[in-house]
Amino acid sequence: MTSTLTVRTPDATCGNCQAHITEAAEALDGVTAVTVDLDTKHTVVTFDADRVEVAAIEAALTDAGYPPHPVEG
Ligand SMILES: [Cu+2]
């Protein structure tokens, strides 16, 4: 089942950060799309919930240097 995870990644400041986050998340089996919005600092990960868990995605972002935070509001 396709799911999306939206988190805040306040450490993302430029295109390189976008690339690093995208690369880290897409390295996980089951992640199908990643978008990083540098204005809102929101990262949206589209994934197959049967193949990868939210915790694994969050761990991958943290390992890459961009610890995810809950989206406010
Ligand atoms: Cu950067």
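Above this note sits the structure.
Everything numeric in this text was worked out from a predicted model, so none of it was measured.

1. Looking at the overall build of the protein
Okay, so step 1: When you go through the protein residue by residue, the secondary structure sums to two helices and three strands.
Okay, so step 2: At 11 Å, the protein has a C-alpha radius of gyration in line with the 11 Å of a compact globule built from 73 residues.
Okay, so step 3: Viewed in the frame of its principal axes, the protein has a C-alpha envelope of about 30 × 25 × 15 Å.
Okay, so step 4: Looking at the protein as a whole, 25% of its 73 residues qualify as buried.
Okay, so step 5: Considering only intrachain contacts with a sequence separation of at least 6, the fraction spanning at least 24 residues in the protein is 62%.

2. Structural notes on the pairing of strand 3 (residues 42-48)
Okay, so step 1: Judged by which residues are buried, strand 3 turns out to be one-sided: Thr43, Val45 and Phe47 face inward and are buried, whereas His42, Val44, Thr46 and Asp48, on the alternate face, are not.
Okay, so step 2: Across seven bridges, strand 1 (residues 2-8) lies against strand 3 in antiparallel orientation. Bridged to Val7 within strand 3 is Thr43.
Okay, so step 3: Linkage of strand 2 (residues 31-37) to strand 3, two consecutive antiparallel strands, is achieved through a turn of four residues, within which Lys41 is found at a positive phi near 65 degrees.

Quick notes on the rules
Residues numbered from 1 in each chain as written. Predicted model: local features only at pLDDT ≥ 70, side-chain atom pairs only at ≥ 80, totals over all residues. Helix = DSSP H or I, 4+ residues; strand = E, 2+ residues; numbered from the N terminus. Rg over C-alpha atoms; globule rule 2.2 N^0.38 Å. Buried ≥ 20, exposed ≤ 12 C-beta atoms within 10 Å, placed from the backbone. Contact = placed C-beta atoms within 7 Å. Pairing = 2+ DSSP bridges.

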